[in-house]
Amino acid sequence: MLQIQNLHASVEDKTILNGVNLTINPGEVHAIMGPNGSGKSTLASILAGRDGYDITEGSATYLGEDLLEMDPEVRAAKGLFLAFQYPVEIPGVSNTYFLRAAVNAVRKQRGESDMDAMEFMKFIREKIKILDLDPSLLNRSVNEGFSGGEKKRNEIFQMAALEPKMCILDETDSGLDIDALKVVSDGVNALRSPERGFLVITHYQRLLNYIVPDFVHVLVDGRIVRSGDKTLAYELEEKGYGWIEESLAGAK
Amino acid sequence: MLITEKPHSLVSNFEAVRELLGLTGPESLRAVREAALAKFAEAGIPTTRDEEFKYLPLNRFRETEYVPAYGATLSEDDLKALPLSVLDGPCLTIVNGEFAPELSNVSGLPNGVRVMALSEALEQHEGLVMRHLGKIATHEGKLGTTNDERFTHLNTAYMAEGVYVFVAKGVMVEPTIHLRFITQADHGAIAVHPRVVIELEEGAAAKIVESYHGLGGESFTNVVHEIALGANANLEYVKSQTEGGSTIHIANQYVDQKSGSVFTSNQVAFGAAISRTDLNVFVDGEHTETSLNGAYLGQGEQIIDNHTRIDHAKPNCHSFEVYKGILDDRSVGVFNGKIFVYEDAQKTDAKQTNQALLLSANATINTKPQLEIFADDVKCTHGATVGQIREDALFYLRSRGIPEMDARGLLVYAFAAEVLEKISIDVVREALEAELYRRLNRD
Ligand SMILES: Nc1ncnc2c1ncn2[C@@H]1O[C@H](COP(=O)(O)OP(=O)(O)OP(=O)(O)O)[C@@H](O)[C@H]1O
Ligand SMILES: [Mg+2]
């Protein structure tokens, strides 16, 4: 469903992505690991449609269409979802209002009718239970004053409400305590289906015990330098990225 | 510029109503009115050369012939459009400066609470009213550059009707008290000068919501407030100004806070051609809290001018102030925030913020924080920003499927709604949020 080919991207002449190749088929879970600053969030942001990057080479195709040509809201409507590494606080907009606007916008693009306030509240109450989120967070402004863990859970809650096809999770596990990690993973696993693809960015093998990936990729300096199955994550945990960087140097 | 010898109608009209005004209140008020009129006549209509009116062009004022206002016959149906008519508790209505008993119902208030027309209060409780009338609305004896008080004088000259609210010691008023000020100018341009006196005695608590609304025609509302908060009293005050498009609205509000009192002001200015509010808080006791919140919206050629002044005269007090405005088209916003910290007022903690969001290249904001601090152990901060729509928030909303135009609209709304959120009375907050939303969408 998602094909990324030889993707190069830079910001103000600084190259961040250096030829990324990645194909995700429906039903697959891919994990990306890699050192700080290697370009993981940049890749996720470009896929979601954030402005400000120059795509100097390569392409990304989503459901057979040129992804990079689409506005972010169009990508969302077509089922692409990014759980942000740093969710944004929006004072003055209530979480409920925001979610309803989002759900209805996505439904509209799919040719479905708006949910009225009653229907929506019922729908939301079911979803919020799955994520074990405090319902009072619904009345507060989007992410404002939420704890780090609450923000991350709110991202997965939105994902559950929007029911996307391609889910990108950027370090959703960072800042979660052990119980929350379990809750969030359960939330993600509940969405796993043969039609859905996942791209899970993480620094920790531990998350992958809960959300078991089909493939693990290592991103270094804006390129995927190694891919494997879930055992690659164990190897990284044990040996660190130095091991890969050394073996890369050796290969040259 | 045309210079006329003839006094402005705001002055010359006095002749016609002098005797009528004299019938209200104690005899001593006659001299007070005459003196105030003389002060206004001497000062005249301000020009932009007057420091306190630098950004407020009142040309239109100068050219208008005002006639004395008299009441209009309205029914509850005419007031349906008021954003705050959702409030169904005690309500007192002033139409064109006159008390409208048929649109007022203040039954069901607990003992010790009086909500009545000022003229009536002057008859029945002269002593109580005169404790504060004319005593709070003045900067005499206060620090720093004297504010320009000419419109307070003008109000005093015509002072007779308005509202009196009194809450006796220790009484907590549960229902929200709603005061409505309606203008309908169907007999020429009218000028109204309501005076509002509010007293909360020691330990009393109340929520008072005022709405100012225009039902058409050209009018000038010149209101003055005198608010006395006794020790440990708590007042949540909301002022919603949604006057008509040819109204000039000028408000001079004076608050006196005794020790331990809490004053929360939520000022909403969406209407009028020219809207000017001077909110002056004199902190005359320790351990008080003062929160001044303001949200305003300028569209078309509207001018919205907010002046605030907090006198920290006693130690250990907190004040927190945030004003946020959205300015579109050719509208003009003005914010002037004065904070005086007296020599005595150690451990004052004062925070002032004002932010404007400019939606058009032709909209402008003039901002001036003015902090004068004479104590050495204080924490005073101020910040002013001219905001743009936050790109990260815009992307976040769009990434959830919300189209760019809607996302922008939502963020503009949220900018001011953040201030409305501070209103604790749910129906009032929701009604004002809906009003803001409606106006932004120009329905
Ligand atoms: N807008 C930008 N302007 C300048 N540099 C940027 C910008 N965005 C990203 N970078 C740089 O690109 C590099 C990759 O950043 P990115 O956030 O993608 O890393 P990451 O792999 O997600 O790191 P982490 O594991 O710390 O989250 C970093 O060096 C970062 O400073
Ligand atoms: Mg990152």
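Since the model is a prediction, treat every value here as computed from it, not as a measurement. (Residues numbered from 1 in each chain as written. Chains lettered and ligands numbered in written order. Predicted model: local features only at pLDDT ≥ 70, side-chain atom pairs only at ≥ 80, totals over all residues. Heavy atoms only, no water.)

Trainee: Help me out: how do you make sense of the overall build of chain B in this one?
Mentor: Looking only at helices and strands, one finds 10 helices and 21 strands in chain B. Considering only C-alpha atoms, chain B reaches an extent of 70 × 50 × 50 Å along its principal axes. Burial status across chain B gives 60% buried among its 443 residues. Partitioning the intrachain contacts of chain B with sequence separation of at least 6 by distance along the chain shows that 84% fall at a separation of at least 24. Per element, the accessible surface of chain B, about 17000 Å² overall, is 50% carbon and sulfur. (Helix = DSSP H or I, 4+ residues; strand = E, 2+ residues; numbered from the N terminus. Buried < 20%, exposed > 50% of the residue type's maximum accessible area, 1.4 Å probe, protein only. Contact = heavy atoms within 4.5 Å. Areas by Shrake-Rupley, 256 points an atom, 1.4 Å probe, with all protein chains shown as cover.)

Trainee: Would you mind going over the confidence of the model for chain A with me for this structure?
Mentor: Parts of the model with low pLDDT should not have their predicted coordinates read in detail. Mean pLDDT over chain A stands at 91; residues scoring 70 or higher make up 99%. The least confident element of chain A is helix α8 (residues 231-251) of chain A, whose mean pLDDT is 78; the most confident is strand β6 (residues 80-83) of chain A, at 97. (pLDDT = per-residue confidence, 0-100.)

Trainee: What's the story with the coordination of the magnesium ion (ligand 2) in this structure? I'm lost.
Mentor: The textbook angles at a metal center are 109.5 degrees for a tetrahedron of four donors and 90 or 180 degrees for an octahedron of six. All names here are of chain A. Protein coordination at the magnesium ion (ligand 2): the donors are S41 (OG) and Q85 (OE1), at 2.0 to 2.2 Å from the metal. Residue S41 is found in helix α1 (residues 40-48), and its partner Q85 is found in the loop between β6 and β7 (90-94); the two are separated by 44 residues along the sequence. For S41, a relative accessible area of 25% corresponds to the partly exposed category. The exposure class of Q85 is buried, given its relative accessible area of 16%. (Donors = N, O, S within 2.8 Å, 3.2 Å for Na, K, Ca; no water.)

Trainee: Just to check I follow, could you spell out the site of ligand 1 for this structure?
Mentor: All names here are of chain A. By nearness alone, 14 residues border ligand 1, and G37, K40, S41, T42 and H203 come closest of all. G37 is positioned with one of its backbone polar atoms (N or O) 2.9 Å from an oxygen atom of ligand 1. Taking S38, its main chain carries an N or O atom lying 3.2 Å from an oxygen atom of ligand 1. Considering ligand 1 on its own, with 640 Å² of exposed area, one finds that the protein chains cover 63% of that surface. The element that contributes the greatest number of residues to the shell around ligand 1 is α1, accounting for 3 residues. (Near = heavy atom within 4 Å. Polar contact = N/O pair within 3.5 Å; in protein donor to acceptor, adjacent residues only side chain to side chain.)

Trainee: Mind showing me how you'd approach helix α3 (residues 28-43) of chain B here?
Mentor: Residues spaced three or four apart along an α-helix face the same direction, because each turn holds 3.6 residues. All names here are of chain B. Taking 1.5 Å of rise per residue, the 16 residues of α3 would be expected to cover 22 Å, and the 23 Å separating its terminal C-alpha atoms lies within 8% of that figure. Restricting attention to buried positions, one finds in α3 the residues L29, R33, A36, L37 and F40. Here the buried residues of α3 occupy an arc of 105° about the axis, which is enough to place them on one side. Summarising the geometry of α3, the exposed residues directed more than 90 degrees from the buried face are A31 and E42. (Expected span 1.5 Å × (residues − 1). Arc of directions from axis to C-beta.)

Trainee: Any chance you could explain the packing of aromatic side chains here in plain terms?
Mentor: By convention here, two paired aromatic rings are described through the distance between centres and the angle between planes. All names here are of chain B. One pass over the structure, following the stated rule, counts 17 aromatic pairs over all chains. On the basis of an interplanar angle of 75° and a centroid distance of 6.1 Å, the ring pair of F151 and F220 is categorised as edge-to-face. With a gap of 69 residues between them, F151 in helix α7 (residues 150-157) and F220 in strand β10 (residues 219-229) connect regions that are remote in the sequence. Exposure class is identical for F151 and F220. Each is buried. When the centroid spacing of 5.3 Å and the interplanar angle of 45° are considered together, the rings of Y323 and F335 count as tilted. A residue pair is termed long-range when its members are at least 10 positions apart, and Y323 in strand β17 (residues 318-327) and F335 in strand β18 (residues 332-341) qualify at 12 residues. We classify Y323 as buried; its relative accessible area is 1%. Taken together, the aromatic side chains of F40, F53, F61, Y66, F151 and F220 make up a single cluster linked through ring pairs. Between the NZ or CZ atom of K239 and the centre of the ring of Y212, over which it lies, the distance is 5.5 Å. The ring of F53 has R276 lying over it, and the distance from NZ or CZ to the ring centre is 4.5 Å. (Phe/Tyr/Trp six-rings, centres within 6.5 Å; stacked < 30°, edge-to-face > 60°. Lys NZ or Arg CZ within 6 Å of the ring centre and 35° of its normal.)

Trainee: For this particular structure, what's the right way to read the state of the cysteines?
Mentor: Per the stated rule, a full pass over the model turns up 0 disulfides over all chains. Cysteine C317 of chain B is unpaired, with the sulfur of C380 of chain B as its nearest cysteine sulfur at 12 Å. (Disulfide = S-S within 2.5 Å.)

Trainee: Sorry, what's going on with the packing of α3 of chain B against α7 of chain B here?
Mentor: Between two packed helices, what matters for the description is the angle formed by their axes and the separation of those axes. Residue and element names in this part refer to chain B. At a minimum axis distance of 7 Å, the contact between α3 and α7 shows a crossing angle of 140°. The crossing of α3 and α7 is left-handed. In this structure, α3 contributes V32, R33, A36, L37, K39, F40 and A43 to the contact, and α7 contributes R150, F151, H153, L154, T156 and A157. Residue composition of the contact of α3 with α7, grouped by class: 8 nonpolar, 2 polar and 3 charged. (Axes fitted to C-alpha atoms, helices over the stretch in contact; angles between N-to-C directions. Left-handed = near helix turned anticlockwise from the far one by under 90°. Nonpolar A, V, L, I, M, F, W, Y, C, P; charged D, E, K, R; others polar.)

Trainee: In this structure, what is going on with the environment of S136 of chain A? I would like to understand it.
Mentor: Residue and element names in this part refer to chain A. Relative to the elements of secondary structure, S136 occurs in the loop between α4 (117-130) and β8 (141-142). Residue classification places S136 among the partly exposed positions, given a relative accessible area of 34%. Linking S136 and N95, residues 41 residues apart in sequence, is a C-alpha distance of 9.9 Å.

Trainee: Would you explain the interface of chain A and chain B in this entry?
Mentor: Many descriptions give the size of an interface as the accessible area lost when the pieces come together. With 32 residues of chain A at the interface, the matching set in chain B holds 21 residues. Across the interface of chain A and chain B, roughly 2100 Å² is buried in total on both sides, 64% from carbon and sulfur atoms. A salt bridge links E73 of chain A to R398 of chain B; its shortest N-O distance comes to 2.6 Å. Here chain A is connected to chain B by 10 residue pairs in polar contact (both at pLDDT 80 or more). (Buried area = accessible area lost by both parts, 1.4 Å probe. Salt bridge = Lys/Arg side-chain N within 4 Å of Asp/Glu carboxyl O.)

Trainee: Whenever I open this one, the pairing of strand β13 (residues 262-269) of chain B confuses me. Can you help?
Mentor: Successive residues of a regular strand alternate their side chains across the two faces of the sheet. All names here are of chain B. Of all the 8 residues making up β13, 7 are buried; the element is thus mostly covered by neighbouring parts of the structure. With 8 bridges joining them, strand β11 (residues 234-242) and β13 adopt parallel strand pairing. Among the inter-strand pairings, E236 is bridged to a residue of β13, identified as T264. Pairing between β13 and strand β15 (residues 289-298): 8 bridges, direction parallel. Bridge assignment links F263 to a residue of β15, and that residue is T290. (Pairing = 2+ DSSP bridges.)

Trainee: So what exactly am I meant to see when it comes to helix α5 (residues 148-162) of chain A here?
Mentor: Its 15 residues give α5 of chain A an end-to-end C-alpha distance of 22 Å, which sits within 8% of 21 Å, the value for a rise of 1.5 Å per residue. The element α5 of chain A is largely enclosed, with a buried count of 13 among its 15 residues.

Trainee: Explain the sheet that holds β6 of chain A here, please?
Mentor: Within a sheet, adjacent strands bond to each other through the backbone by hydrogen bonds, running parallel or antiparallel. Residues and elements named next belong to chain A. Strand order in the open sheet made by the 6 strands is β6-β9-β10-β3-β11-β12, with mixed pairing throughout. Both edges of this open sheet fall to β6 and β12 (223-228), since each of them pairs with a single strand only. Between one strand axis and the next, the sheet turns through 20° on average, direction left out of account. Here 4 bridges tie strand β3 (residues 29-33) to strand β11 (residues 215-220), and the two strands are oriented parallel to one another.

Trainee: I would appreciate a short explanation of the packing of helix α9 (residues 404-420) of chain B against helix α10 (residues 426-440) of chain B in the present structure.
Mentor: Residues and elements named next belong to chain B. For the pair α9 and α10, interaxial distance at closest approach is 10 Å and the crossing angle is 155°. Judged by the angle between their axes, α9 and α10 are roughly antiparallel. Like other packed secondary-structure pairs, α9 and α10 cross with a definite hand, here right-handed. Contacts between α9 and α10 involve V412, Y413, A416, A417 and L420 from the former and R429, L432, E433, L436, Y437 and L440 from the latter. Here the contact of α9 with α10 is built from residues that sort into 9 nonpolar, no polar and 2 charged. (Parallel < 35°, antiparallel > 145°, perpendicular 65-115°, else oblique.)

Trainee: How should I be thinking about the nonpolar core in this particular structure?
Mentor: Nonpolar side chains in soluble globular proteins tend to be buried together. Within the largest apolar cluster, 103 residues are counted, with the highest numbers of intra-cluster contacts made by L2, L47, I90, M159, M166 and F198 of chain A together with V428 of chain B. For this core, the leading source of residues is α9 of chain B, giving 11 residues. If near-sequence neighbours (up to four positions away) are discounted, V428 of chain B is found in contact with L84, L87, V209, V238 and I423 of chain B. Membership of the second largest hydrophobic core comes to 51 residues, among which are L92, V115, I198 and C317 of chain B. (Core = buried A, V, L, I, M, F, W, Y, C linked by side-chain atoms within 4.5 Å.)

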